[in-house]
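These are the residues of each chain, in order.
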Amino acid sequence: MLLLTGDADLVPGAVTDWRDHLSPYEGGPAAGRMAWIGKGVDHGLAARALTDPMAAKAAALSVTFLDANLLGDAAAKTRLAATDSTADAEIRRR
């Protein structure tokens, strides 16, 4: 499971703490779960054009995750394992 969210991912009237989005990542079996938390990323991430740097990073990670886990691509597995937190996004694994 790959969860994409941001530390500004709020939904007025529904989600007042961005950390609430982490519940699917934190629940269930731990194996194979990954969370990407973009700094300053709000609930509109999915609607952003891929020319937006944060949307492009989230999309690239999504493709790598799918290649590694659905296609069994060894190179993608290596890239995914090497993915770490940066100044603009936190990576969590379970």
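Only a predicted model underlies this, so the values are computations on that prediction, with no experimental measurement involved. (Residues numbered from 1 in each chain as written. Predicted model: local features only at pLDDT ≥ 70, side-chain atom pairs only at ≥ 80, totals over all residues. Heavy atoms only, no water.)

Caption draft 1: The arrangement of the nonpolar core in detail. By size, the foremost hydrophobic cluster in this structure holds 14 residues, and its most contacted members are Met34, Trp36, Val41, Leu45, Leu61, Leu80 and Ile91. Taken together, the elements giving at least two residues each to this core come down to β2 (34-42), α2 (53-69), α3 (74-82) and β3 (89-93). If you look at the next biggest cluster of nonpolar residues, it comprises six residues, including Leu3, Trp18, Tyr25 and Ala35. (Core = buried A, V, L, I, M, F, W, Y, C linked by side-chain atoms within 4.5 Å. Buried < 20%, exposed > 50% of the residue type's maximum accessible area, 1.4 Å probe, protein only. Helix = DSSP H or I, 4+ residues; strand = E, 2+ residues; numbered from the N terminus.)

Caption draft 2: Local environment of a nonpolar patch on the surface. Together, Leu66, Leu70 and Leu71 make up an exposed nonpolar region whose accessible area comes to about 360 Å². Relative to the elements of secondary structure, Leu70 occurs in the loop between α2 and α3. The class of Leu70 is exposed, set by a relative accessible area of 67%. (Patch = residues over 30% accessible without salt bridge, like charges linked within 9 Å, V, L, I, M, F, W, Y side chains within 5 Å. Areas by Shrake-Rupley, 256 points an atom, 1.4 Å probe, with all protein chains shown as cover. Salt bridge = Lys/Arg side-chain N within 4 Å of Asp/Glu carboxyl O.)

Caption draft 3: Inspection of α2 at higher detail. With 17 residues, α2 should cover 24 Å at 1.5 Å per step; its first-to-last C-alpha distance of 24 Å lies within 8% of that length. Restricting attention to buried positions, one finds in α2 the residues Met54, Ala55, Ala58, Leu61, Ser62, Thr64, Phe65 and Ala68. On its buried face, α2 is in contact with β1 (2-8), β2, α3 and β3. Regarding α2, its N-cap is Asp52, as a side-chain oxygen of that residue lies 2.9 Å from the backbone nitrogen of Met54 further along. (Expected span 1.5 Å × (residues − 1). Contact = heavy atoms within 4.5 Å. Polar contact = N/O pair within 3.5 Å; in protein donor to acceptor, adjacent residues only side chain to side chain.)

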